[in-house]
Amino acid sequence: MRRLQLLHRGLIGITIGSTLLLGLPGCGTDESVGTATSTRTTTTEPAVITMDPPVRSRPPARPAPVPPVPYPPAADPVPPPLLTVSYGPDPAHRIDVHRPATPNGLAVVWLHSGGWTSGTRSEMGPVVDHLRDEGAIIFSADYRLMPEHTFPAQIHDVKRAIRYVKAHRAEYPFETLIVAGGSSGGHLAALAATSAGALEPTGLPDDLAAQDSSIDGAVSLSGIMDLTRFWTANHGWAKPLSDGFLGCDSATCDPAVMLDASPTHWVGPQDPPLFVVAGAGDTLVTPTDNADRMWDAYQRQGTPDHCWYDLLGNAEHMLYEDFDPARVDEFLIHFGLLDPPSVRPGV
């Protein structure tokens, strides 16, 4: 099957309490990653690292296409799912399966936002709608929430859901599998992409135990990337969310637990392509302590050109009004995860 290489670009958006979604662009720098169309210059405020070697400077901010949208956004009606299935024994282990009219071979496990404490699988949005309309089969998954369930319950659920999708491939045919999400869902998507073989669920039935949790790519929208930094943000929600998710006081929590919960900690050369988006004005999931560090981790520890990153100029935590869903298509096509429209059956 012929694949088409496209230029690095992108865009995205997300929310934390309710509906979200969004898009992304290229993660190149002015030094490497593709052609000169993906340039990035340094700003006067480099990202600061106290635990690791110095990182590259933060990408320049670009003006957001539209003003920030007031919180919370109005939720668009979500079409009823064609099927709801259980991927485990907990009441939260539910997936809504949205089948496309004309499948294009892509499967997407979608993870909702909500700060690990709220949200449901019904909260999707423009990115998911676009991917489904383009032919992807969508598996929108619930997962266990804090305070009743703390880390690593959430990533265990995500990896259980991935295994379920793989085990039922005959029922839901697909060629490539990605995970996407926003905010807390974006954190879990990035963690799933970088920690394959670790943080795995136990006590699985035979059909799920026979699968692994590896994926072909991931999209993270305003996702938390470094739990050792996230809680220090000058935002009233940051520390309570971090404390509740980790199950400990972030100021005194075991550093090993915080690292295990951080996608940046797990990055390696075997990791699949990751699309990261952040808002320069995001005061909750600050780019300096999250998206910038993830991009840098891919440069130092992973495969540099496997990270696409876009910093949206004046955008805050919610980015959905700034999003062009076609950017996700470009990311997928570039890495051979989706055929271009010209070679898709029925297109």
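The rules behind each value
Residues numbered from 1 in each chain as written. Predicted model: local features only at pLDDT ≥ 70, side-chain atom pairs only at ≥ 80, totals over all residues. Heavy atoms only, no water. Buried < 20%, exposed > 50% of the residue type's maximum accessible area, 1.4 Å probe, protein only. Helix = DSSP H or I, 4+ residues; strand = E, 2+ residues; numbered from the N terminus. Contact = heavy atoms within 4.5 Å. Salt bridge = Lys/Arg side-chain N within 4 Å of Asp/Glu carboxyl O. Pairing = 2+ DSSP bridges. Phe/Tyr/Trp six-rings, centres within 6.5 Å; stacked < 30°, edge-to-face > 60°. pLDDT = per-residue confidence, 0-100. Axes fitted to C-alpha atoms, helices over the stretch in contact; angles between N-to-C directions.

### Observations concerning helix 3 (residues 184-194)
Now for step 1: Of all the 11 residues making up helix 3, 11 are buried; the element is thus mostly covered by neighbouring parts of the structure.
Now for step 2: For helix 3, every residue scored as buried is listed here: S184, G185, G186, H187, L188, A189, A190, L191, A192, A193 and T194.

### Points about the side chain of D157
Now for step 1: Here D157 lies in helix 2 (residues 153-167).
Now for step 2: Look past the residues within four positions of D157 in its chain and what remains in contact with it is Y87, H93, Y143 and R144.

### Focus on the pattern of salt bridges
Now for step 1: Applying the stated criterion to the full structure yields 13 salt bridges.
Now for step 2: As a salt-bridge pair, D249 and K239 come within 2.8 Å of each other at their nearest N and O atoms. Of this pair, D249 sits in the loop between helix 6 (238-246) and helix 7 (255-260) while K239 is found in helix 6, placing the two residues 10 residues apart along the sequence.
Now for step 3: On the basis of relative accessible area, D249 is assigned to the partly exposed category, the value being 36%.

### Things to note about the pairing of strand 5 (residues 176-182)
Now for step 1: With 7 of 7 residues buried, strand 5 lies mostly within the body of the structure.
Now for step 2: By the alternation rule, side chains of strand 5 split into T176, I178, A180 and G182 and L177, V179 and G181, which are all buried.
Now for step 3: Bridge analysis of strand 3 (residues 106-111) against strand 5 gives 6 bridges, and the strand direction is parallel. Paired with W110 across the bridge in strand 5 is A180.
Now for step 4: As defined by bridge partners, strand 5 adjoins strand 6 (residues 217-221) across 5 bridges and the pair is classed as parallel.

### Brief notes about the packing of aromatic side chains
Now for step 1: A full pass over the atoms with the stated rule returns 9 aromatic pairs.
Now for step 2: Plain terms: the ring middles of W116 and F245 are 4.1 Å apart, the flat faces sit at 15° to each other, and that makes the pair stacked. In this pair, W116 is assigned in the loop between strand 3 and helix 1 (126-133) and F245 in helix 6, connecting sequence segments 129 residues apart. Residue W116 shares its accessibility class with F245, and that shared class is buried.
Now for step 3: Three or more aromatic residues joined by ring pairs form one cluster here, namely W116, F151, F230 and F245.

### Examining the confidence of the model for the chain
Do not read the fine detail of predicted coordinates wherever pLDDT is low.
Now for step 1: Summarising the model, the chain shows a mean pLDDT of 80, and 75% of its residues fall at 70 or more.
Now for step 2: Low pLDDT, under 50, characterises residues 1-77; the stretch is placed with 248 contacts to residues that sit more than four places away or in other chains.

### Thoughts on the sheet that holds strand 6
Now for step 1: The 8 strands lie next to each other as 1-2-4-3-5-6-7-8, forming an open sheet whose pairing is mixed. With one partner strand each, in any of the chains shown, strand 1 (83-86) and strand 8 (307-312) form the two edges of the open sheet. Across the sheet, the mean angle separating the axes of adjacent strands is 20° when strand polarity is ignored.
Now for step 2: Taken together, the 4 bridges between strand 2 (residues 94-98) and strand 4 (residues 137-141) define a ladder with antiparallel strand orientation. Of the residues in strand 4, the one forming a bridge with D96 is S140.
Now for step 3: Packing against the sheet, helix 3 makes contact with strand 3, strand 5, strand 6 and strand 7 (274-279), and its axis sits at approximately 145° to strand 5.
Now for step 4: The sheet strands contacting helix 10 (residues 326-334) are strand 3, strand 5, strand 6, strand 7 and strand 8, and the helix crosses strand 7 at an angle near 150°.

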